[in-house]
Every structure is written in C-alpha cells, then in structure tokens.
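# Tertiary structure, described
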Amino acid sequence: MGDNRLELRHLDIAADDAVVIRGVDLTIEPGTLHVLLGPNGSGKSSLLAGIMGLPPFHAVGGDIVYRGERINDLPIDARARLGLGMAFQRPPALDDVTVEDFVTALDAQKTYDAAAPSLDFDGFRDRSLNAGFSGGETKRWEVLKLALQEPQCLLFDEPESGVDLEHVAAVGKAVDQLVRTPSASGEARSGLVITHTGFILDYIKADMGHLMVDGHLVYSGPARDLFKHIQHDGYTAPAA
Ligand SMILES: Nc1ncnc2c1ncn2[C@@H]1O[C@H](COP(=O)(O)OP(=O)(O)OP(=O)(O)O)[C@@H](O)[C@H]1O
Ligand SMILES: [Mg+2]
C-alpha cells in the first residue's frame, strides 16, 4: 500500500447522468492541508462525494488515485478502509443509531472522551445521530466523527458554516489538529477543507487554496491571498 497521497487526474464526476465536475487535476500530499473555495453550485461537494464514492456521485473520466491505487470503482467502505474520510455539508439523521452506539462500534471511547469537551459535545451520548441536532451541533459532530474514525486523508465540507463565532474557533482548531496529528503508525495525515466564510482560515494553516467555478478548478495558489481576492473581486481567477 502506497503512502497517504491523493491524486486526482483529469477527473470528471457525474451525479447520476449529469456531469458536474470536469477535468480536475489536484494532488494532496501527505502532511498538507488544502482549502477549496467556489460559488454555490460550482461542484465542491460533488468533488468530495465523488472522491468518497458516495451515490449518486461517481467518476466518469480520469483517475482517483489513493495510496498508488486507482480507486474509481471501489465501494465507499473500501475507500474508507484505505484512509479516506469525509465530514458532510448536510449529514443525514440516523434515528436508531446513538452517539454511544457509534463510539462503541469504533471502540473509540478514549478518543471520544479526549475530543468531545473541546468541541462542546458532552451530554450527547444518548442522542440519535444528527436527529434534532442544531445546525452548529451537526457540524461539531461531523468533526468529532472524523476524530473517532481516524482517517488519514480528511475531507471537510464547510465545517464552520452555521457555527457560531465562539464555536468556529473550536471547530477550526479541531480540524487543524486532526490533520496535523500523525496516525499511531507515524504516517502524516492530510486534508481538504471547503469554506465560504473563510473564518476557518484563522485557525488552520492552509498550504494551498483552490478555486472551483462551474465544475472546473480554475486557480490554485496561497489560500489567504485567494480568499482576499474573492472578497474583493468575486469568484474570478487571480491574474497569474
Ligand atoms: N443528482 C443530481 N443531478 C443533477 N445535478 C445535480 C445532482 N446533484 C447535484 N447536482 C448539481 O451539481 C452542481 C454542483 O453541486 P454541489 O452541491 O457540488 O455544489 P457546491 O459547490 O457544493 O455548492 P454549495 O456552495 O451551495 O454547497 C449543482 O448545479 C447541483 O444542482
Ligand atoms: Mg456544497
């Protein structure tokens, strides 16, 4: 098994029959944290769902290569076992699965006890996953969920959207810590974070920013500079 490198090569992704991502080239090296920006409907969530293999999203051209293996046709659980994990923009509610069930299934009690307080997630053990969670609680659970799953390449879809200003700091720090902490075997993790607000940039050390427009990656460069450019000039690619 190769190292924790994710390579997207000329990747096209469709939702059912509709092609929504075209020709994306992107490499996420071990130990790096990338940020993805772009207007509503540009394809950011579709890209993450396509990488994970989450129906109805699937690769229809190009390659998704993870750990040196072409994973275009692997089922979602096989991709997760290789080390990919995703915090959803809008996770589904699971009425019959409690936080306690999830923690027990992953044998992740210690991690839960260590990570839950910093995400203000005490007192949720008996709650069903995402059922009746507030918007901010849902987002904090998604980050905590990834802490429990311990993936190597972490994909975050708008982890701070709808999160109040005090909790944004907790979410941002947790995201950075998750990505920056090597696994038990000493392997460097990596991450890709979608953000609209840019708040999270105050808490994470982003190595690279990418701009997606209309299903294409149109620019890659320093994340902060890209965010400032978008604030002033909208979702246009900065001049080279
Ligand atoms: N099942 C589907 N069939 C057809 N088109 C779809 C389907 N699912 C998503 N799309 C379209 O794909 C495009 C990209 O959607 P996506 O959710 O990836 O955007 P996004 O960049 O994450 O937007 P936002 O910032 O609002 O979250 C949108 O135009 C959306 O309507
Ligand atoms: Mg989205």
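The coordinates are above.
Presented here is a report on the structure given in the accompanying data block. As the structure is a prediction and not an experimental result, all values here were calculated from the model.

The number of helices and strands found in the protein is seven helices and twelve strands. A globule of 240 residues ought to have a C-alpha radius of gyration of about 18 Å, and the protein, at 17 Å, matches this closely. Oriented by its inertia axes, the alpha-carbon framework of the protein measures out at about 50 × 40 × 35 Å. Per-residue burial for the protein yields a buried fraction of 40% across its 240 residues. In the protein, of all internal contacts separated by at least 6 residues, the share reaching a separation of at least 24 is 71%.

Turning our eyes to something else, we now look at the packing of helix H5 (residues 135-149) against helix H6 (residues 165-180). At a minimum axis distance of 10 Å, the contact between H5 and H6 shows a crossing angle of 15 degrees. In terms of axis orientation, H5 runs roughly parallel to H6. Helix-helix and strand crossings are classified by hand; for H5 and H6 the assignment is left-handed. On the side of H5, the interface is formed by Gly136, Lys139, Arg140, Val143, Leu146 and Ala147, while H6 contributes His167, Val171, Ala174, Val175 and Leu178.

A few words now on H5. Taking 1.5 Å of rise per residue, 15 residues should cover 21 Å, and H5 covers 21 Å from first to last C-alpha, within 8% of that figure. Along H5, the residues that are buried comprise Lys139, Arg140, Trp141, Glu142, Val143, Leu144, Lys145, Leu146 and Ala147. Elements in contact with the buried residues of H5: strand E6 (84-87), helix H4 (109-115), strand E9 (153-157) and H6. Backbone geometry just after H5 places Glu150 at a positive phi near 50 degrees.

Close to ligand 1 lie 14 residues, the nearest being Ala15, Asn40, Lys44, Ser45 and Ser46. Secondary structure elements with two or more residues in the shell around ligand 1: strand E2 (18-28) and helix H1 (44-52). No other element matches the three residues that H1 contributes to the shell around ligand 1. When grouped by side-chain class, the residues that make up the shell around ligand 1 number four nonpolar, eight polar and two charged.

All right, on to the nonpolar core then. Counting residues in hydrophobic clusters, the biggest one holds 62 residues, and the most contacted among them are Val143, Leu155, Val175 and Val193. Tallying contributions element by element places H6 first for this core, with six residues. Excluding residues that lie within four positions of it along the chain, Leu155 makes contacts with Leu48, Ile51, Met52, Leu84, Gly85, Met86 and Leu192.

About the cut-offs
Residues numbered from 1 in each chain as written. Chains lettered and ligands numbered in written order. Predicted model: local features only at pLDDT ≥ 70, side-chain atom pairs only at ≥ 80, totals over all residues. Helix = DSSP H or I, 4+ residues; strand = E, 2+ residues; numbered from the N terminus. Rg over C-alpha atoms; globule rule 2.2 N^0.38 Å. Buried ≥ 20, exposed ≤ 12 C-beta atoms within 10 Å, placed from the backbone. Contact = placed C-beta atoms within 7 Å. Axes fitted to C-alpha atoms, helices over the stretch in contact; angles between N-to-C directions. Parallel < 35°, antiparallel > 145°, perpendicular 65-115°, else oblique. Left-handed = near helix turned anticlockwise from the far one by under 90°. Expected span 1.5 Å × (residues − 1). Near = placed C-beta within 6 Å. Nonpolar A, V, L, I, M, F, W, Y, C, P; charged D, E, K, R; others polar. Core = buried A, V, L, I, M, F, W, Y, C linked by C-beta atoms within 7 Å.

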